[in-house]
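Inside the fold
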Amino acid sequence: MAGGFNGVVKEEFLPETMQKRNMEITFDEDGDVALINGKKYPLLTDVFTIRIVQGSMSKDPKFKGHDGELYIDGLEEFSTERILVPITVVRFMQAMYNGPYDPKKENKAVCYSFDGIAPSPKLYSPLSTVCGEIKYGKNGVYQEPICPKAVWGPNGEKPECRKSIVLAFLDITDPELPFPLRMALRGSGYAAWTKLQRMYNRVQNVARLKRQNAYDYALRLTVEENETYYVPVFTPVYDESKPSKFIPMCAHYLTTYIKPNEEKERLSDEENTKGVKIVGDAINTAGAEAAVASAEEFEF
């Protein structure tokens, strides 16, 4: 499997050496194609988005009867399972908004952090000078919140300031037609990803014992229902289609489309005052909110 986390949030799943792997690219009548082990695979110029259909979405006729299924925007495709190869963490964010998410209203982040340790330096009046701290436990390095707004209540009340993450994958459900995906996770979805991180070392050790290539382990994405929402479940699986052969393609999408976009968003959020609207003590950063909008809306 590609990677593991070095501390709390790992920026890349692909080691530096693998990010630089070259891949032969040719052109046919439909566009660029990658040549891998003598086979042609189409290279796309867009990254699709995948999300879970929640019950609240059934008001849209398109989603009626598809509760708990996975939906890929653009492809208009529903499924109950996807096979994925992780590429990178596009964005980590911890944010508190001025009320519940409402797609019809302007929703401002009153405080936010890009590392969960300190608030963004762009905030004029952060709610706390410290968001959290790094600690070491039996499961390794972890992040513990300090700000009262980021701590769970004594009776299980959700924190007002919550973590979210945007991930990039290569979808190899059809190994003949791999394509890049983004997925935003928040709340129970973020917890599912945290759980998966703890499995990484075991997967790598199993691969060594069985003399397998660790990069031939992919992620099976399925959905289960909890008390309120449908949530994602990531399960590492050994894939007989040998997804390690797609590492150069992962590197291509990372360096060509995903990583450059992420760097532009971070520059806009943290360094460029253009596009940052100050309203009292509230800050509305378009790039930052867009990164978690889908996760906020569907609460998985």
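Residues numbered from 1 in each chain as written. Predicted model: local features only at pLDDT ≥ 70, side-chain atom pairs only at ≥ 80, totals over all residues. Heavy atoms only, no water.

1. Section: the nonpolar core
Applicable threshold: The nonpolar core is taken to be a set of buried Ala, Val, Leu, Ile, Met, Phe, Trp, Tyr and Cys residues, with the residues joined through side-chain atoms within 4.5 Å. Type-normalised accessible area, obtained with a 1.4 Å probe on protein chains alone, sets the label of each residue: buried when under 20%, exposed when over 50%, and partly exposed for intermediate values. Where helices and strands are cited, they refer to DSSP runs of H or I of at least four residues and of E of at least two residues respectively, numbered from the N terminus. We call two residues in contact when some of their heavy atoms are within 4.5 Å.
Formed by 24 residues in total, the largest nonpolar core has its most connected members in F169, M183, W193 and F234. Listed by contribution, the elements that provide at least two residues to this core are β4 (48-52), β5 (70-72), β7 (82-97), β11 (162-171), β12 (179-186), α2 (188-197), β13 (217-225) and β14 (230-238). With near-sequence residues (within four places) excluded, F234 lies in contact with F169, M183, L185, A192, W193, L196, M199, L219, R220 and L221. One finds M23, I87, A184 and Y253 within the second-largest nonpolar core, a separate group that totals 20 residues.

2. With respect to the packing of aromatic side chains
We count it as follows: Working definition: a ring pair exists when centres of Phe, Tyr or Trp rings (six-membered ring for Trp) sit within 6.5 Å. Plane angles under 30 degrees give stacked, over 60 give edge-to-face, the rest tilted.
Tallied over the full model, the rule gives 11 aromatic pairs. On the basis of an interplanar angle of 55 degrees and a centroid distance of 6.2 Å, the ring pair of F92 and Y190 is categorised as tilted. Here F92 is found in strand β7, whereas its partner Y190 is found in helix α2, with 98 residues between them in sequence. Of the aromatic side chains, those joined through ring pairs into one cluster are F63, Y71 and F78.

3. Details of the pattern of salt bridges
Selection rule: Salt bridges are defined by distance alone: a side-chain nitrogen of Lys or Arg within 4 Å of a carboxyl oxygen of Asp or Glu.
All told, the structure shown has 9 salt bridges when counted by the stated rule. A salt bridge links E77 to R82; its shortest N-O distance comes to 2.9 Å. What makes R82 buried here is its relative accessible area of 5%. Each of the salt bridges in this network shares a partner with another, and the network as a whole consists of E77, R82 and D171.

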